[in-house]
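Read off the chains here:
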Amino acid sequence: MGRKKSRERLVNVAVMAAIRQPLTYLVPDSMEVRPGQRVVVPLGARQVVGVALEPVERLAPGIKVRAILRVLDPGPVLSPELLTLGLWIQDYYLAPVGEVFSAMLPLRAETQRARVLELTSLGKQQLEELSGSLLEEVQGCEEAGFLRFLARQTETTVDAVRRKFRGSPTLLERALKEGWVTLSRVDRERTRRETLAVSLAAPLPMPLATGPFPGARPRPSPVARRILEVLEQQGSAQDHAGAGPAVIGSPPALNAAQGQVLDELRARLDAREFSAALLQGVTASGKTEVYLRLIAYCLERGRSALMLVPEIALTPSIEAQFRARIGERLAVLHSGLTESERRDDWWRAQSGEAKVVLGTRSAVFAPLADLGVVIVDEEHDPSYKQEETPRYHGRDVAVVRARLAKALAVLGSATPSLESAWNARQGKYSRCLLEERIGGRPLASVEIVDMRNEFRETHTQVPISRRLKEEIEVQLRARAQTLVLLNRRGYSWFLVCRSCGETERCRNCSISLTYHRREHQLICHYCGYSSGIPSACPSCGSEYLHYVGEGTEKLEQKLAEFFPSGRVRRMDRDVARRAGQFRKILSDFREGKIDILVGTQMIAKGHDFPGVTLVGVVSADIGLALPDFRAAERTFQLLTQAAGRAGRGDSPGRVLVQTFYPEHYAIRLAAEQNYEGFFSREMGFRRMMHYPPHTALANVLAQDSKLERAARVAKQIGDFFARMAGNNQGIKVLGPNPAPLAKIKGSHRIQFLVKAASRARLNDVLHRLVRHCEQQGIPRQSVVIDVDPVSIM
């Protein structure tokens, strides 16, 4: 109370809530708070977790602050480097600061919202009456037991009561009705058991001085250690199923090109200054071996390493190679792990026990100290862009992190994004080339099948052309393996009424429902909404309903019918959701137990299947019709990557590409595997139309569950942009227009595409837009700002 203002210690805190800027809190005299520690602070009527940032010297007169309640960690869980990175993400992607740090910390929250029951005076009176009864059956009735249980507890949750009295579900309802108990919602601390159970095997980040702290692990007993050993053995056996053969013993010899690239990257790493390199190597050119050698060299220099891959499905095979060469110094981080697995490896990286982290997009935040190299494999892949807040791009964040750590960033791809290729040509990145496959193996030969001729000659619409069918028959006779790519899952694209032309559409999204035969449901791939199959058209009552198009599920069935002796399996996200399925399928395919593997783009990314000598691409042009400026680039990359799966072993590979647009430059140049030709052609289009990388771009959406409200927000945003354009602010705005997907998950979406000559100019305008929206009282959730979008759908 008597503390002078000058003696107050203040600190900014990134509160884990939808608040754009840090909040300032008072540090009590009895407390020490360091940047990077988690703290519990009051926010309105509740308590929330936040991350302490920088100290604050003074506040403006008249501003009152509240005190931090407690510190959760004995030391920082985020380094100064990661704190700076988080603040950069907040500023560049205009994301709420608390949501940024929440994404960076995969640690279970220390508080949880709970519904708590408390015995009232009426309840205590009722218990006394029941307990004082002369009848034993009354004293021991369920009602008495229920009230007695509550009386013994200081704080009882609804969940605990329901577990205890699951055989009497009406007891709680009656107690509430009679006024024997009150129900309230509170933020309660997780119990020690709840907090520690998910990190039983996690190492302490530092010696424990006084008592336990959330996230730490007590030393397990001998019995617990034995249980952990058995679980680890079983988990390891399961995790490596489908991982493919590990490289044990001496690593393979490098060819001259690999050696030259490795020498250049080692020299850059030794400089201990930030630099970025684009490693452009054709498929099967040995990029992974260069990564492994570079990481080993980094470890020899006493520094840590981080490697990102775009898909969880890619991690088993790469993890096996890394474990064989790196051993227990490896940690793996991705969303396919359980919460405890992810938490354990996070602590191993934070404590220094793990020096190498392998993972997907969010692994870019791994708490590695003294980072020497950051590698982004398949850097062109759109999976690196997060589609929810904070909408960061993992590749670009990886480059910024390398800059902060004075480390080397390596971006690898056979088909680099136009942005990365342009940066290399502008001198921002060095460019390393691997232009030949390992062992001098030739690139697969590519043949284009014109499906227009196929239809004219056969008068049928079948997903498999006669030419592809012939080649698969040859494969089966030769006992060789085939990959068939169709980048559309489900059984049929949609269900249409042949009488009135209506399709079954999602209730929440402006999209037709996809038919999935296994579930016998029509399913939305955007929000998950599903419905049964109608027996008649809901619009006109006609019974003439027709399934249009084919997805991977139907293609799997057709191939099994065409080739009854072949062993056909499917790999897409529907299959990958089933626990352990995708690992088993990959394992069976590598071991030759599958002849034909059908799949979406998941099978085209980075997998090494030496037995595959034929790749068939069905509906190669499926993405070209999308109203997105990246459509041609995506198509070229997917086809080139798919072609790269063939001929990686001793036998040459063949690729058949089925298309209705054989003359399109993306398809023609992909068939030639001519990246330079595609880059030149596509960059001309981007330059003429003012799209990235020649222009900085943001996708701004006004959205609301009510179209009228979305339109009002769009009007306010449009007025703001009109003033900016009138003041010659160096921006160009397209819109407002309905987004290509005008409604998703119940929200109507109105789109503005904002272009600027530089990222700095774009960032300034977008920050002004945020302030404008706040001043106008526009709800935060009504405006979406996506900087550097990979899709404008």
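Residues numbered from 1 in each chain as written. Predicted model: local features only at pLDDT ≥ 70, side-chain atom pairs only at ≥ 80, totals over all residues. Heavy atoms only, no water.

## Concerning the sheet that holds strand 10 (residues 304-308)
- Taken in spatial order, the 7 strands of this open sheet run 11-12-10-13-14-9-15, and their pairing is parallel. Pairing within the sheet leaves two strands with one partner each, and these edge strands are strand 11 (330-333) and strand 15 (430-434). Direction aside, the axes of adjacent strands within the sheet are offset by 15° on average.
- Here 5 bridges tie strand 10 to strand 13 (residues 371-377), and the two strands are oriented parallel to one another. Within the sheet, the bridge partner assigned to methionine 307 lies in strand 13 and is isoleucine 375. (Pairing = 2+ DSSP bridges. Helix = DSSP H or I, 4+ residues; strand = E, 2+ residues; numbered from the N terminus. Axes fitted to C-alpha atoms, helices over the stretch in contact; angles between N-to-C directions.)

## A few points about the sheet that holds strand 28 (residues 731-744)
- The strand order across the open sheet formed by 4 strands is 28-29-27-30, and the pairing between neighbours is antiparallel. Strands at the two margins of the open sheet, each flanked by one partner only, are strand 28 and strand 30 (783-787). Pairs of neighbouring strands in the sheet enclose a mean axial angle of 20°, with direction left out of account.
- Inspection of the sheet shows strand 28 paired to strand 29 (residues 747-756) by 8 bridges, in the antiparallel sense. When the sheet's bridge partners are listed, leucine 734 is paired in strand 29 with leucine 753.
- Packed on one face of the sheet, helix 25 (residues 759-775) meets strand 27 (696-704), strand 28, strand 29 and strand 30 and runs near 20° to strand 27. (Contact = heavy atoms within 4.5 Å.)

## Examining the nonpolar core
- Counting residues in each nonpolar core, the largest one holds 76 residues, and the members touching the most others are Val700 and Phe721.
- Once you skip the residues sitting within four places of it in the chain, phenylalanine 721 turns out to touch Val700, Ile731, Val733, Phe752, Val754, Val765 and Leu769.
- Formed by 40 residues, the second largest nonpolar core is a distinct cluster that contains Ala643, Ala646, Tyr675 and Phe679. (Core = buried A, V, L, I, M, F, W, Y, C linked by side-chain atoms within 4.5 Å. Buried < 20%, exposed > 50% of the residue type's maximum accessible area, 1.4 Å probe, protein only.)

## Looking at the side chain of asparagine 423
- In this structure, asparagine 423 sits in helix 15 (residues 418-425).
- On the accessibility criterion, asparagine 423 (16% relative accessible area) is buried.
- With residues near it in sequence (within four places) discarded, asparagine 423 still touches Lys428 and Tyr429.

## Observations regarding helix 20 (residues 581-590)
- Of all 10 residues in helix 20, 7 are buried, a share of seventy percent or more.
- For helix 20, the complete set of buried residues consists of Phe582, Arg583, Ile585, Leu586, Ser587, Asp588 and Phe589.
- Positive phi shows up at glycine 592, right after helix 20, with a value of about 80°.

## Looking at the environment of isoleucine 785
- Following the sequence through the fold, isoleucine 785 ends up in strand 30.
- Here the alpha-carbon distance between isoleucine 785 and tyrosine 93, two residues 692 residues apart in the chain, equals 7.8 Å.
- If we ignore the near neighbours within four places in the chain, the residues touching isoleucine 785 are Tyr93, Leu94, Arg391, Asn699, Val700, Leu766, Leu769 and Val770.

## Observations concerning unusual backbone geometry
- Between proline 692 and the following residue, proline 693, the backbone shows a cis peptide bond with an omega angle of 10°.
- Examined against the element boundaries, proline 693 turns out to sit in the loop between helix 23 (675-689) and strand 27.
- With a phi close to 50°, leucine 94 is a non-glycine residue in the positive phi region.
- By the secondary structure assignment, leucine 94 is in the loop between helix 1 (80-92) and helix 2 (97-104).
- When its relative accessible area of 7% is taken as the criterion, leucine 94 is described as buried.
- With phi around 50°, histidine 520 is a residue other than glycine that occupies positive phi space.
- Structurally, the position occupied by histidine 520 is in the loop between strand 19 (514-516) and strand 20 (521-523).
- Residue classification places histidine 520 among the partly exposed positions, given a relative accessible area of 45%.

## Digging into helix 11 (residues 287-300)
- In this model helix 11 runs 20 Å from its N-terminal to its C-terminal C-alpha over 14 residues, within 8% of the 20 Å that 1.5 Å per residue would give.
- Those residues of helix 11 lying buried are Lys287, Glu289, Val290, Tyr291, Leu292, Arg293, Leu294, Ile295, Tyr297, Cys298 and Leu299. (Expected span 1.5 Å × (residues − 1).)

## Remarks on the pattern of salt bridges
- Tallied over the entire structure, the rule returns 48 salt bridges.
- Here arginine 686 and glutamate 682 are joined by a salt bridge, their closest N and O atoms 3.1 Å apart. With arginine 686 and glutamate 682 both in helix 23, this residue pair falls 4 residues apart, about one helical turn. Like glutamate 682, arginine 686 is buried.
- In the salt-bridge network here, residues are joined through shared partners; they are Glu419, Arg630, Glu633, Glu682 and Arg686. (Salt bridge = Lys/Arg side-chain N within 4 Å of Asp/Glu carboxyl O.)

## Considering the packing of aromatic side chains
- For the coordinates displayed, the defined rule picks out 18 aromatic pairs.
- Relative to phenylalanine 609, the ring of phenylalanine 589 has its centre 4.9 Å away and its plane inclined at 80°; by these criteria the two rings are edge-to-face. With phenylalanine 589 in helix 20 and phenylalanine 609 in the loop between strand 24 (596-599) and strand 25 (612-617), this residue pair connects regions lying 20 residues apart in the sequence.
- Taken together, the aromatic side chains of Phe636, Tyr665, Tyr675, Phe678 and Phe679 make up a single cluster linked through ring pairs.
- Its end group placed over the ring of phenylalanine 562, lysine 469 keeps NZ or CZ at 4.3 Å from the ring centre.
- Over the ring of tryptophan 493 we find arginine 488, and its NZ or CZ is 4.6 Å from the ring centre. (Phe/Tyr/Trp six-rings, centres within 6.5 Å; stacked < 30°, edge-to-face > 60°. Lys NZ or Arg CZ within 6 Å of the ring centre and 35° of its normal.)

## Some words on the pairing of strand 25
- Counting buried positions over the 6 residues of strand 25 gives 6, a clear majority of the element.
- As defined by bridge partners, strand 17 (residues 481-485) adjoins strand 25 across 5 bridges and the pair is classed as parallel. Looking at strand 25, one finds that leucine 485 is bridged to valine 617.
- The sheet contact formed by strand 25 and strand 26 (residues 654-659) spans 4 bridges and is parallel. Of the residues in strand 26, the one forming a bridge with glycine 616 is leucine 656.
- One crossover worth recording links strand 25 to the parallel strand 26 by way of helix 21 (residues 631-643), and it is right-handed. (Right-handed = clockwise from strand over helix to strand, strands pointing away.)

## Here's the deal with the side chain of glutamate 143
- Its place among the elements puts glutamate 143 in helix 5 (residues 142-152).
- Residue classification places glutamate 143 among the buried positions, given a relative accessible area of 13%.
- Ignoring anything within four residues of it in the chain, the contact list for glutamate 143 reads Gln126, Leu130, Leu171, Arg174 and Trp180.

## Focus on the packing of helix 1 against helix 2
- At a closest axis distance of 9 Å, the pairing of helix 1 and helix 2 adopts a crossing angle of 135°. By the angle between their directions, the pair helix 1 and helix 2 is classed as oblique. In terms of crossing hand, the pair formed by helix 1 and helix 2 is right-handed. For the pair helix 1 and helix 2, contact is made by Leu82, Leu83, Gly86, Leu87, Ile89 and Gln90 and by Val97, Val100, Phe101 and Met104, respectively.
- Residue composition of the contact of helix 1 with helix 2, by class: 8 nonpolar, 2 polar and no charged. (Parallel < 35°, antiparallel > 145°, perpendicular 65-115°, else oblique. Left-handed = near helix turned anticlockwise from the far one by under 90°. Nonpolar A, V, L, I, M, F, W, Y, C, P; charged D, E, K, R; others polar.)

## Observations regarding the environment of leucine 371
- Note on placement: leucine 371 falls in strand 13.
- The sequence separation of leucine 371 and serine 304 amounts to 67 residues, and the corresponding C-alpha distance is 4.7 Å.
- If near-sequence neighbours (up to four positions away) are discounted, leucine 371 is found in contact with Glu81, Arg303, Ser304, Ala305, Leu306, Arg401, Ala405 and Ala407.

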